[in-house]
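Structural description and commentary
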Number of protein chains: 2
Amino acid sequence: MEQITIKKTTKEKEILEEAQKLFSHFGLKKTSLEDIASSLGMAKTSLYYYFKSKSELFKAVLKHESSSFIKNIKKIFESSNDIKEILTTYFKKRTEYAKELSKLRGLIAKAQKSPFISGEETLLTNLLEQGVKDEILKKINPELLAVLILSLLKGLEKNLPLIRKREIEERDYDLFIDVLFNGILKK
Amino acid sequence: MEQITIKKTTKEKEILEEAQKLFSHFGLKKTSLEDIASSLGMAKTSLYYYFKSKSELFKAVLKHESSSFIKNIKKIFESSNDIKEILTTYFKKRTEYAKELSKLRGLIAKAQKSPFISGEETLLTNLLEQGVKDEILKKINPELLAVLILSLLKGLEKNLPLIRKREIEERDYDLFIDVLFNGILKK
DNA sequence: GAATATTAGAGTAGAATGTTCGAAAATTCT
DNA sequence: AGAATTTTCGAACATTCTACTCTAATATTC
């Protein structure tokens with residue numbers, strides 16, 4: 001009988017992480033269960049013990065991926081007291097993540113809801129709230145501001161590389177942060 | 001009747017370049033003719049007008065790739081008079097190229113002769129000869145030195161990423177160049 | 001050593017892939 | 001313009017690949 005484990009077994013994690021690598025490199029269609037299995041040195045049929053189908057595995061990878069992303073983001077948010085520094089790092093990481101995710105989703109049939117990570121908005125809101133309390137930021141509704149920033153990021157990540165040929169670069173973040181701060185910084 | 005063209009037709013080049021992109025990203029096996037064709041907006045059967053089989057196309061890509069590499073290297077060698085600068089750029093490019101090539105060859109059955117590019121050795125030898133003539137370098141047999149450097153590079157590219165987890169980084173080149181120069185620089 | 005958890009081999013139906021062939025369409029030549 | 005040639009494409013096919021099932025073997029836990 002199947003056991004409900006609170007912690008994922010290590011094997012399951014291994015599979016998720018290997019699959020995530022392959023999926024993000026080759027896409028859903030081009031990654032076969034054989035590829036995943038042989039990368040792990042196991043028979044492909046063994047995968048069915050852990051996941052009942054390829055698409056279940058894929059979904060699990062997405063979930064695992066985004067939850068580990070949130071963990072990383074949390075770390076960033078706790079890593080410093082300098083709100084400017086936090087936001088810069090955060091923007092960078094988010095863009096990297098979005099890039100990976102878009103690869104992962106490259107071959108998904110229906111458009112996934114949105115690149116919003118659940119929990120991300122809350123984190124950002126809290127940060128902004130704190131900034132307001134500390135009188136570093138102007139008194140703007142933090143929730144609204146959070147959504148605004150997220151949308152902006154989302155838009156940038158999608159469209160900037162299309163408009164210009166190159167991808168988003170270091171200085172883009174600086175510029176973005178700079179503009180954002182000179183607009184919303186108190187005084 | 002087939003015509004012997006001195007210049008490859010533009011279409012043929014387009015195909016080679018698109019195929020090269022896909023092959024280097026997905027590997028031989030995972031890149032289908034359909035993938036290549038649809039990337040180019042043409043029917044896959046049309047590819048057979050230019051190349052008589054998939055493996056012929058692949059071979060052509062390898063050939064095209066390495067000849068365009070030599071062209072780039074030549075440019076670097078002519079771009080400056082500072083031998084140190086030239087070598088640094090050259091090492092970097094070579095490593096990038098080696099990475100791409102190893103992807104391309106990832107699924108080739110027999111091990112390809114070697115990662116030596118014909119012509120590369122000559123170019124490097126000439127550069128070193130010049131350095132000796134200009135009394136920038138010690139009097140060491142340039143041919144020998146060229147082979148030595150190439151072997152070293154080859155070894156680095158292969159083994160460094162295996163020994164340490166990370167890939168070759170910027171500072172690795174600097175260190176390498178530095179060591180190399182302090183060892184062979186006159187005075 | 002019984003019970004359970006995990007792996008792996010054989011097999012299958014359906015999809016994908018490389019390839020051939022002949023005919024349409026586009027281009028070049030006269 | 002029309003003939004000759006070059007280039008594209010769709011239909012068809014044999015082979016291979018892939019996701020998946022079933023069943024038995026092996027390892028692990030109790």
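The rules behind these values
Residues numbered from 1 in each chain as written. Chains lettered and ligands numbered in written order. Predicted model: local features only at pLDDT ≥ 70, side-chain atom pairs only at ≥ 80, totals over all residues. Heavy atoms only, no water. Contact = heavy atoms within 4.5 Å. Buried area = accessible area lost by both parts, 1.4 Å probe. Salt bridge = Lys/Arg side-chain N within 4 Å of Asp/Glu carboxyl O. Polar contact = N/O pair within 3.5 Å; in protein donor to acceptor, adjacent residues only side chain to side chain. Helix = DSSP H or I, 4+ residues; strand = E, 2+ residues; numbered from the N terminus. Core = buried A, V, L, I, M, F, W, Y, C linked by side-chain atoms within 4.5 Å. Buried < 20%, exposed > 50% of the residue type's maximum accessible area, 1.4 Å probe, protein only. Near = heavy atom within 4 Å. Nonpolar A, V, L, I, M, F, W, Y, C, P; charged D, E, K, R; others polar.

Notes on the interface of chain A and chain B
Each side of the interface is counted separately: chain A has six residues, and chain B has six residues. Between chain A and chain B, the buried area comes to about 510 Å², and carbon and sulfur atoms account for 52% of it. At the boundary of chain A and chain B, one finds two salt bridges. We note a salt bridge from Asp-35 of chain A to Lys-30 of chain B, for which the minimum N-O separation is 2.4 Å. Where chain A touches chain B, the interface holds three residue pairs in polar contact (both at pLDDT 80 or more). Per element, the largest residue contribution to the side of chain A that touches chain B is three residues, and it comes from helix α1 (residues 10-30) of chain A.

Topic: the nonpolar core
In this structure, Phe-23, Ile-36 and Leu-57 of chain A together with Ile-36 and Leu-57 of chain B are the most contacted members of the largest nonpolar core, which totals 33 residues. Here Ile-36 of chain B is in contact with Glu-18, Ala-19, Leu-22, Phe-23, Thr-31, Leu-47 and Leu-57 of chain B, once residues within four sequence places are set aside. If you look at the next biggest cluster of nonpolar residues, it comprises 18 residues, including Ile-83, Tyr-97, Leu-123 and Leu-124 of chain B.

Considering the protein's contact with DNA strand D
Taken together, 16 residues surround DNA strand D, and among them Thr-45, Tyr-48 and Lys-54 of chain A together with Tyr-49 and Tyr-50 of chain B come closest. For DNA strand D, the backbone makes up 61% of the atoms found within 4 Å of the protein, where backbone means sugar plus phosphate. At 2.9 Å from a phosphate oxygen of DNA strand D is found a main-chain nitrogen or oxygen belonging to Leu-33 of chain A. The contact in question runs from a phosphate oxygen of DNA strand D to an N or O atom on the backbone of Ala-43 of chain B, over 3.0 Å. Here the surface near DNA strand D is composed, by residue class, of seven nonpolar, six polar and three charged.

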